[in-house]
Amino acid sequence: MPKYYVSSGDINIVIEGDGEADAVLLALNSCIEKHGQDLKLEPYFYVSQKGFESGDTIALTSSDILSGLGFDFEDDDA
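Residues numbered from 1 in each chain as written. Predicted model: local features only at pLDDT ≥ 70, side-chain atom pairs only at ≥ 80, totals over all residues. Heavy atoms only, no water.

Quick look at the nonpolar core
Consideration 1: Core analysis: the largest hydrophobic core is formed by 16 residues, its most contacted members being Val6, Ile11 and Val24.
Consideration 2: Listing elements by their share of this core, those giving two or more residues are strand E1 (3-8), strand E2 (11-16), helix H1 (20-35) and strand E3 (45-48).
Consideration 3: Top contributing element to this core by residue count: H1, with six residues.
Consideration 4: The contact partners of Val24, leaving out residues within four places of it in the chain, are Val6, Phe45, Val47, Leu60 and Ile65. (Core = buried A, V, L, I, M, F, W, Y, C linked by side-chain atoms within 4.5 Å. Buried < 20%, exposed > 50% of the residue type's maximum accessible area, 1.4 Å probe, protein only. Helix = DSSP H or I, 4+ residues; strand = E, 2+ residues; numbered from the N terminus. Contact = heavy atoms within 4.5 Å.)

Written as structure tokens, this is what we have:
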């Protein structure tokens, strides 16, 4: 599995994952297990394979993460 650098607020971790979304979820889980649910997060998760704040860093929102996992945000009440 590739290594990812994930940061957002209190999260600043290097973790292996199957992709950017997976790395963010694993980072969140790891930090919650270690520090509890009282984490301060930014509106974006910053993910890179080269390092923190490197040229390949992408910004993902929570909706990016959930939609990347196959969640459907369409309104079913239509």
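Quick look at the sheet that holds E2
Consideration 1: Pairing within the open sheet is antiparallel, and its four strands lie in the order E2-E1-E3-E4. Since the sheet does not close on itself, it has two edges, and those belong to E2 and strand E4 (58-60), each with one partner. If you compare each strand with its neighbour and ignore which way they point, the axes differ by 25° on average.
Consideration 2: In the sheet, E1 pairs with E2 via six bridges, with the strands oriented antiparallel. Paired with Ser7 across the two strands is Asn12, which belongs to E2.
Consideration 3: Along the sheet face, H1 touches E1, E2, E3 and E4 and points at about 120° away from the line of E2. (Pairing = 2+ DSSP bridges. Axes fitted to C-alpha atoms, helices over the stretch in contact; angles between N-to-C directions.)

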